[in-house]
Amino acid sequence: MTQLTERPTSTRLVMAVVAVGVLLSGFDLFIVNVALGDIAVALGVSDLADLSWILNAYAITFAALLVPAGRISDRIGAKRGFLGGLLLFTAASAACAFAPGLAGLVAFRVVQAAGAALMIPSSLGLVLTAFPPEGRQGAVRLWAGLGGIGAALGPVVGGVLVHADWRWVFLVNIPTGLVAAFVGWRVLPDAPGDRGRAPGLVGALLLTVTVAALVLVLVNGPEWGWTSGRTLAFAAVTVVGLALNVAAVTRAADPLVSLDVLRAPHFASTSLTLLTFHVAFGAMLLSIVLWLQEVWELSALEAGLAIAPGPLLVPFVAVYGGRLVAAIGPRAVIALGGAVFAAGVASWAVLAGASTSYAATVLPGMLLTGVGVGLVVPPSMALGTSELPPDRRGTGSAVLQTARQVGIAVGVAVLVAVLGAQSPGAEAFEAAWWTTAVFALASSVTVMAREPR
């Protein structure tokens, strides 16, 4: 933290405003999880599949719009992109709070996710613009570590707010977002966009539909059935869309994601590492929630408090891990983080079924996974964005974020498949945790692979 306190006040204010946007976008996903039961009662919804769209609509829209939103940010400038996304997110939060029914709430969640998708790539572009080259990677590591705070505090704050009324999980965003927008308008750097020709609407729509179809299959495949007509239809859309997107990138005059981004040093391998690691992350987070709530029968608030120590470590590891990066290099640190994360998950497979003591079984693995995330995600984001062309920072960071979101969706699907293939009980979770550890170790391998030309 000392590194940041020595920078000019305006730079610290930029990071503070950006932090609000990053925290709100991730915080709202975690905070809504614990409010689903109260929302179901208030809106008279009994079908869990229908209720799950409050979460799924946000996740699918966010992942699908990240890259188009990142390209928009590059064109109009990071400041305008960030403030526009923040205001849209805040307005949609107010609409969610006063939604009269489930359909309206899901629709406003889609708008909320669109605001978050515009805000996140822009926020990283602001960090890269505001900080001098010598402090840029440290600032990106801090930016990436902010998600851990949202993951840690979201369930806890959500559990408190729900006791008053479920609508407060959305209302709390309004004053926070408005204050951040006012301060941001005054202090954020106003770097102009690239002002180049806008990519075609067809290209943007094609990528959006492809990513949405992919995440939709991963999120709903377990419920629909992997061989059902709906799953196979959306899978076919994904395959065809991927082929068309590859053709667009290599042949279009001004594609949504240019070859300059994909060919940037470290970008391809880092994208693969983030994708693989977040398969493990998505499976880990859902598995420990299910274990605490379904096996140990903890309340949502108790489970949130039990999970919090790991994510709370992430920003501290992200900041002070910079010394380790300087000593042994970012790739070695990332590989180490994958191994530490795998050890944390493996510890649950060995210990969790033997005792109901939180301190002896769950806490050690929770702390190790938090350290692992702090060693993997912030250095990966810093490395992946380090050589991006200045006028493509929003697009590049959006691609990296999309890799993370797709990885989480794959991880949830893998976890559901592994748990469903086992008899209910501790043995099923043991198999799931060993599988998760394998994906975490795989991310250590991908980051050390030779960078393709």
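You'll find the structure just up there.
Residues numbered from 1 in each chain as written. Predicted model: local features only at pLDDT ≥ 70, side-chain atom pairs only at ≥ 80, totals over all residues. Heavy atoms only, no water.

## A few points about the overall build of the protein
Thought 1: Secondary structure summary: the protein contains 20 helices and zero strands in total.
Thought 2: Expected size for 453 residues packed as a compact globule is a radius of gyration near 22 Å; at 21 Å, the protein falls within 12% of this value.
Thought 3: Dimensions of the protein along its principal axes, counting C-alpha atoms only, are 55 × 55 × 45 Å.
Thought 4: Counting over 453 residues, the protein shows a buried share of 55%.
Thought 5: Accessible area of the protein: about 18300 Å², with a carbon and sulfur share of 69%.
Thought 6: With 23 positive and 21 negative side-chain charges, the protein shows a spacing of 15 Å between the two charge centroids. (Helix = DSSP H or I, 4+ residues; strand = E, 2+ residues; numbered from the N terminus. Rg over C-alpha atoms; globule rule 2.2 N^0.38 Å. Buried < 20%, exposed > 50% of the residue type's maximum accessible area, 1.4 Å probe, protein only. Areas by Shrake-Rupley, 256 points an atom, 1.4 Å probe, with all protein chains shown as cover. Lys, Arg positive; Asp, Glu negative; His and termini not counted. Charge placed at Lys NZ, Arg CZ, Asp CG, Glu CD.)

## Thoughts on the pattern of salt bridges
Thought 1: This structure, assessed with the given rule, holds one salt bridge.
Thought 2: One salt bridge connects Arg80 with Asp190, and the closest N-O pair in it is separated by 3.0 Å. Residue Arg80 is found in helix α6 (residues 78-97), and its partner Asp190 is found in the loop between α10 (173-187) and α11 (201-224); the two are separated by 110 residues along the sequence.
Thought 3: Assessed through its relative accessible area of 44%, Asp190 is described here as partly exposed. (Salt bridge = Lys/Arg side-chain N within 4 Å of Asp/Glu carboxyl O.)

## A word on the packing of helix α5 (residues 53-76) against helix α19 (residues 393-420)
Thought 1: Put simply, α5 and α19 touch, their axes get as near as 7 Å, and they point 170° apart. Here α5 is positioned roughly antiparallel relative to α19, judged by the angle of their axes. Within the contact between the two elements, α5 uses Phe62, Ala63, Leu66, Val67, Gly70, Arg71 and Asp74 and α19 uses Arg393, Gly394, Thr395, Ala398, Val399, Gln401, Thr402 and Gln405.
Thought 2: Of the residues belonging to the contact of α5 with α19, the class tally is six nonpolar, six polar and three charged. (Axes fitted to C-alpha atoms, helices over the stretch in contact; angles between N-to-C directions. Parallel < 35°, antiparallel > 145°, perpendicular 65-115°, else oblique. Contact = heavy atoms within 4.5 Å. Nonpolar A, V, L, I, M, F, W, Y, C, P; charged D, E, K, R; others polar.)

## Here we look at a nonpolar patch on the surface
Thought 1: Taken together, the side chains of Leu88, Phe108 and Val111 present a nonpolar region at the surface, about 200 Å² in accessible area.
Thought 2: Assignment of secondary structure puts Phe108 in helix α7 (residues 102-130). (Patch = residues over 30% accessible without salt bridge, like charges linked within 9 Å, V, L, I, M, F, W, Y side chains within 5 Å.)

## Observations concerning unusual backbone geometry
Thought 1: We note that His266 has phi near 75°; this positive angle belongs to a residue other than glycine.
Thought 2: In the Ramachandran plot, Glu297 falls in the positive-phi region, its phi being about 60° despite a non-glycine side chain.
Thought 3: Positionally, Glu297 belongs in the loop between α14 (267-295) and α15 (300-307).
Thought 4: Here Glu297 falls in the exposed class, since its relative accessible area comes to 66%.

## Details of helix α20 (residues 426-448)
Quick reminder: α-helices carry 3.6 residues per turn. Residues three or four places apart thus point the same way.
Thought 1: An ideal rise of 1.5 Å per residue puts 33 Å on 23 residues; α20 measures up with 34 Å between its terminal C-alpha atoms.
Thought 2: Three or more residues of α20 are buried, namely Ala428, Phe429, Ala432, Trp433, Thr436, Ala437, Ala440, Ser443, Ser444, Thr446 and Val447.
Thought 3: Residues of α20 that are buried in the fold lie against α14, α17 (330-351) and α19. (Expected span 1.5 Å × (residues − 1).)

## Brief notes about the side chain of Ser73
Thought 1: One can find Ser73 in helix α5.
Thought 2: In this structure Ser73 comes out as buried when scored by relative accessible area, which is 4%.
Thought 3: Among the polar contacts made by the side chain of Ser73, one reaches the side chain of Ser122 at a distance of 3.0 Å.
Thought 4: Here Ser73 is in contact with Ala78 and Ser122, once residues within four sequence places are set aside. (Polar contact = N/O pair within 3.5 Å; in protein donor to acceptor, adjacent residues only side chain to side chain.)

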